[in-house]
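In case you want the letters, here they are:
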Amino acid sequence: QVQLGESGGGLVQAGGSLRLSCAASGRAFSTYTMGWFRQAPGKEREFVAAISWSGGSTLYADSVKGRFTISRDNAKNTVNLQMNGLKPEDTAVYYCAADDRRMGGSYYSTSTYDYWGQGTQVTVSS
């Protein structure tokens, strides 16, 4: 069993930056694919970014490429999302997710992931 907890959300002006962090429990953290998703009011939860177990491969949604950077530190059981050049359309609750890789699936799909954090609010004002 894995428990995830996000932090670092808040209110920022357009063009500003935030750094989200996700702390994970479990000795097997270093074997998990980790992802970030977000959900705005009235919308489906959508993929933001993912990082492989080793940190050697990353994926980003087209909407955040060039602005967001995902990273992980397996020694500290953490995954981060550095968000630069924030836009009002980035406003959402951001969720950390873990895929134990026991089953196949797309990194872009919420159903691929086995564990979820409680979410942290990011609000970008214009």
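Provided above is the structure to which this section pertains.
Residues numbered from 1 in each chain as written. Predicted model: local features only at pLDDT ≥ 70, side-chain atom pairs only at ≥ 80, totals over all residues. Heavy atoms only, no water.

Trainee: Is there a simple way to explain the overall build of the protein in this structure?
Mentor: For the protein, the helix and strand inventory stands at zero helices and 11 strands. Order of helices (α) and strands (β) in the protein, N terminus to C terminus: β-β-β-β-β-β-β-β-β-β-β. Its C-alpha atoms give the protein a radius of gyration of 14 Å, within 12% of the compact-globule value 14 Å for 126 residues. When its C-alpha atoms are laid out on the principal axes, the protein stretches across 40 × 30 × 25 Å. Sorting the 126 residues of the protein into buried and exposed places 41% on the buried side. Long-range pairs, those at least 24 residues apart, make up 59% of the contacts in the protein with a sequence separation of at least 6. With an accessible surface of roughly 6500 Å², the protein has 46% of that area assigned to carbon and sulfur atoms. Of the side-chain charges in the protein, 12 are positive and 10 negative, and the distance between the mean point of each set is 5 Å. (Helix = DSSP H or I, 4+ residues; strand = E, 2+ residues; numbered from the N terminus. Rg over C-alpha atoms; globule rule 2.2 N^0.38 Å. Buried < 20%, exposed > 50% of the residue type's maximum accessible area, 1.4 Å probe, protein only. Contact = heavy atoms within 4.5 Å. Areas by Shrake-Rupley, 256 points an atom, 1.4 Å probe, with all protein chains shown as cover. Lys, Arg positive; Asp, Glu negative; His and termini not counted. Charge placed at Lys NZ, Arg CZ, Asp CG, Glu CD.)

Trainee: Whenever I open this one, the packing of aromatic side chains confuses me. Can you help?
Mentor: Each aromatic ring pair is summarised here by two numbers: the centre-to-centre distance and the angle between the ring planes. Within this structure, the stated rule accounts for five aromatic pairs. The interplanar angle of 80° and the centroid separation of 5.7 Å between the aromatic rings of Phe37 and Phe47 together place this pair among those described as edge-to-face. Taken together, the residues span a long stretch of sequence, with Phe37 in strand E4 (residues 33–39) and Phe47 in strand E5 (residues 46–51) at a distance of 10 residues. Assigned by exposure class, Phe37 and Phe47 land together as buried. Each residue in the set Phe37, Phe47, Tyr108, Tyr113 and Trp116 is aromatic and connected to the rest through ring pairs, giving one cluster. Over the face of the ring belonging to Tyr95 we find Arg45, whose NZ or CZ atom lies 3.7 Å from the ring centre. One Lys or Arg, Arg45, reaches over the ring of Trp116 and ends 5.0 Å from the middle of that ring. (Phe/Tyr/Trp six-rings, centres within 6.5 Å; stacked < 30°, edge-to-face > 60°. Lys NZ or Arg CZ within 6 Å of the ring centre and 35° of its normal.)

Trainee: Looking at this structure, how should I read the environment of Ala24?
Mentor: Mapped onto the fold, Ala24 is located in strand E3 (residues 18–24). Spatially, the C-alpha atom of Ala24 lies 9.4 Å from that of Cys96, the residues being 72 residues apart in sequence. Among all residues touching Ala24, those that are not within four sequence positions of it are Gln3, Leu4, Phe29 and Asn77.

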